[in-house]
Amino acid sequence: MSERDMLEEIRRSIIMGHLDAEDEGFDGSMEGTPGTVELVEEALEARTEPQQILTVFNAAMEEVGRLFEAGEYLLPDMLASAECVGEAMDVLEPHLAGTADTQKGTFLIATVKGDLHDIGKNIVITMLKGAGYQVRDLGIDVPADDIVAAVKQHKPQYLGLSALLTTTMTEMETVIRKLKEAGITDVKVIIGGAPTSEEFAQKIGADGHCRDALEAVEKLEALRSAS
Amino acid sequence: MTIIGERVNATRKRIREAIQSRASEVIIDEIRSQEQSGAEYIDLNAGTGSGDKQQEKTDLAWLIDIALEHGEKKLALDAAGPQVLEHAANHLANRRPWMLNSITGELTDGDLAMIKLAAEYEVPLIALAMDEDGIPAETGKRIAVCEKIRDAAGARGVPEERLWFDPLVLPVSTDVSQAMVTFRTIEGLRAQFPSAGITLGLSNVSHGLTKRAVVNAAFLTSAICYGLTSAICDPGREEISRAIVLGELLAGKDRFCRRFTRAARNGLFDVAPPEGALRQ
Ligand code: B1M
Ligand SMILES: Nc1nc2c(c(=O)[nH]1)N[C@@H](CNc1ccc(C(=O)N[C@@H](CCC(=O)O)C(=O)O)cc1)CN2
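So, how was this worked out
- Residues numbered from 1 in each chain as written.
- Chains lettered and ligands numbered in written order.
- Predicted model: local features only at pLDDT ≥ 70, side-chain atom pairs only at ≥ 80, totals over all residues.
- Heavy atoms only, no water.
- 1 Å grid on protein atoms, 1.4 Å probe; cavity = no way out; pocket = protein on both sides within 12 Å on 5 of 7 lines; lining within 4 Å.
- Points joined across faces, edges and corners; volume = space filled by probe spheres on them.
- Helix = DSSP H or I, 4+ residues; strand = E, 2+ residues; numbered from the N terminus.
- Nonpolar A, V, L, I, M, F, W, Y, C, P; charged D, E, K, R; others polar.
- Near = heavy atom within 4 Å.
- Polar contact = N/O pair within 3.5 Å; in protein donor to acceptor, adjacent residues only side chain to side chain.
- Areas by Shrake-Rupley, 256 points an atom, 1.4 Å probe, with all protein chains shown as cover.
- Phe/Tyr/Trp six-rings, centres within 6.5 Å; stacked < 30°, edge-to-face > 60°.
- Buried < 20%, exposed > 50% of the residue type's maximum accessible area, 1.4 Å probe, protein only.
- Lys NZ or Arg CZ within 6 Å of the ring centre and 35° of its normal.
- pLDDT = per-residue confidence, 0-100.
- Axes fitted to C-alpha atoms, helices over the stretch in contact; angles between N-to-C directions.
- Parallel < 35°, antiparallel > 145°, perpendicular 65-115°, else oblique.
- Left-handed = near helix turned anticlockwise from the far one by under 90°.
- Contact = heavy atoms within 4.5 Å.
- Pairing = 2+ DSSP bridges.

Caption draft 1: Expanded view of the layout of surface pockets. All names here are of chain A. The calculated volume of the largest pocket comes to roughly 1400 Å³. Lining of the largest pocket is provided by 43 residues; of these, Met61, His117, Ile119, Gly120 and Leu164 occupy positions nearest its centre. The set of elements that each furnish at least two residues to the lining of the largest pocket consists of α3 (50–69), α4 (75–96), β1 (106–111), α5 (119–130), β3 (158–162), β4 (188–192), β5 (208–210) and α9 (213–226). Counting residues per element, the lining of the largest pocket draws most heavily on α3, which supplies 10 residues. Taken together, the residues of the lining of the largest pocket break down into 26 nonpolar, 12 polar and five charged.

Caption draft 2: Summary view of the site of ligand 2. Residue and element names in this part refer to chain B. Lining the immediate surroundings of ligand 2 are 13 residues, of which Arg12, Asp78, Asn101, Asp166 and Arg212 lie closest. Between a nitrogen atom of ligand 2 and a side-chain N or O atom of Asp78, the distance comes to 2.8 Å. In this structure, Arg212 approaches ligand 2 through a side-chain N or O atom, which is 3.2 Å from an oxygen atom. Burial of ligand 2 by the surrounding chains reaches 66%, relative to a free accessible area of 670 Å². Taken together, the residues that form the shell around ligand 2 break down as three nonpolar, five polar and five charged.

Caption draft 3: Examining the packing of aromatic side chains more closely. Residues and elements named next belong to chain B. A full pass over the atoms with the stated rule returns eight aromatic pairs over all chains. Relative to Phe193, the ring of Phe165 has its centre 5.0 Å away and its plane inclined at 45°; by these criteria the two rings are tilted. With Phe165 in strand β6 (residues 163–166) and Phe193 in the loop between α7 (178–192) and β7 (197–198), the pair connects residues that are 28 residues apart, well separated along the chain. The burial state of Phe165 is the same as that of Phe193; both residues are buried. Site record: aromatic cluster; members linked through ring pairs are Phe183, Phe219 and Tyr226. Above the ring of Trp62, the side-chain terminus of Arg22 is found at 4.7 Å from the ring centroid.

Caption draft 4: Quick look at the confidence of the model for chain B. Averaged over every residue, the pLDDT of chain B is 95; the share at 70 or more is 98%. Complex prediction metrics read pTM 0.82 and ipTM 0.77.

Caption draft 5: Layout of the packing of helix α1 (residues 3–15) of chain A against helix α2 (residues 36–45) of chain A. All names here are of chain A. Across the interface, α1 lies against α2 with an axial gap of 9 Å and an inter-helix angle of 160°. One element, α1, and the other, α2, form an angle in the roughly antiparallel class. For the pair α1 and α2, the sense of crossing is left-handed. From α1, Met6, Glu9, Ile10, Ser13 and Ile14 reach across to α2, where they touch Thr36, Leu39, Val40, Glu42 and Ala43. Broken down by class, the residue content of the contact of α1 with α2 amounts to six nonpolar, two polar and two charged.

Caption draft 6: Structural context of the confidence of the model for chain A. Confidence in the prediction for chain A averages 93 pLDDT; 97% of positions are at 70 or higher. By mean pLDDT, α5 of chain A is the weakest element of chain A at 87, and β3 of chain A is the strongest at 98.

Caption draft 7: Examining the sheet that holds β5 of chain A more closely. Residues and elements named next belong to chain A. The five strands lie next to each other as β2-β1-β3-β4-β5, forming an open sheet whose pairing is parallel. A strand with exactly one partner marks an edge of an open sheet, and here the two such strands are β2 (134–137) and β5. With direction set aside, neighbouring strand axes in the sheet form an average angle of 25°. Relative to β5, β4 runs parallel, the two sharing three bridges. Opposite Ile191, over in β5, you have His209 as the bridge partner. Sitting on the sheet, helix α6 (residues 144–154) is in contact with β1, β2 and β3, with an inclination near 170° to β1. Here α9 sits on the sheet and contacts β1, β3, β4 and β5; the angle it forms with β5, its principal contact strand, is near 155°.

The structure is reproduced here in structure tokens:
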């Protein structure tokens, strides 16, 4: 199979929520055929660049979001696809991880309060680990006060915030305000998630906005060399 | 959920007459339609209530022959007496996977013979939660009966996973507390015998009521939530299909709600159009 076909198979498999060979998939017909996990393993064996596979995750979840919006997919169908990406990330992670270089600094990340989306955040984590940062994950639905407390405790150089909902992105502003109120000025805050933008980042006083995980790596590199 | 299709049962007039007149096409039709509707086992019961055991043996053997020739699903041999079941088992001679329905906690010589038969053929055995004193009114006693059966079966080579307990269902029309007694019994059996099957004859619950299909369906959905793994029922009724899909959904047995959402997409839950709407 060509690399393009293989990536297309992975994309389709995620959209169908086809986790692995034991899973029946969205239409109930896919048991016994290779699922996302097997396909990603296969692609890695065929020496596909892990980065390439990551971009497929994005594309697939975008389509899933479209199907959801169109009313064709229901919430659990979205969850099934999310689980595919989650499991695939576990397969991919060892192939992306570099050696943690403490000199690059510590990066703390959280999905903000009220928001349960973590696929994007997890991809960012994997990429930054791969780039050699020490990453600490606070999880999803994290209240601003908890984030501030964690920053006080771990004293990271960088803080990442993720939000996927228009209703939760405003929570990022709260975090930045509370950091200021706590007198914390030496942590650089970068944000990401589909509804956020460069403009929004500036408005709330963040140090940067990332469209995707690759840009998260670039932004951190830039912030690091500037400091 | 393992569906045991109930329709080939001589207590039904249609079947009784077909058996008496050897109208095999009626039986073939009932078997095929249940298989198409998702029955995993076809229950075969030739008991007309006449008490003529010789006749019942011949009749059940006739039903078995039809099922072997015209059906492909597993068979549940259903009779009250051990002689009839033993005869049927030997007639079938493992030409198709099958199970025995049923014994009671009375553990008569006949029951013990059935246990040995189940052990010898390594087939599932349905055991009713009742004994010589009848059906216990309370959950605790029904479970105690099952414990006794489990021990007797275990000692004779039938492991727990091949025992399918029947908690028994009494009509709510004469005692409104009965559905809950069955539910609690299912729950207790599930906890105490985690690898055993639990099945029941569904339609008893609605005996003497109106709108029986709706009552049966609601009961089935709930029973699945308490841990039911099988039911003896008519799989051809859409209420049954709905009840099973909903039960497995609410019992947490439907990963990503897939069977439910698929059934919904296929229109299983769409309300039937009013009479006449389908005609041009
Ligand atoms: C430095 O820090 C950084 C840097 C970069 C960062 C970063 C942080 N965070 C992200 N990035 C960036 O890098 C990542 C990698 O490149 C990228 O991350 P992304 O997350 O953007 O991309 C991922 C790799 C792939 N994308 C995703 O994983 C999201 C996919 C979609 C389909 C999605 C999913 C999967 C889910 N959902 Co939700 N979901 C949708 C999404 C549709 C879409 N088109 O985005 C969206 C976001 N959901 C939506 C909705 C409405 C909801 N969802 C909900 C629930 C869910 C699931 C739980 C079912 C599931 C999440 C499972 C999980 N474990 O994450 C509900 C809310 C739950 C909650 N409180 O959070 C619910 C409200 C649905 C409901 N009715 O209950 C919509 C939001 C609409 C809006 N206006 O806000 C939505 C756009 C779908 C839609 N088209 O309607 C970049 O954004
Ligand atoms: N282990 C076990 N086995 C069983 C039963 C049980 O409990 N437990 N009970 C029976 C389940 N089988 C049937 C088969 C047909 C019908 C049936 O068709 N009933 C019609 C009417 C019957 C009639 O014609 O009088 C009704 O509307 O309910 C009901 C149960 C027999 N086998």
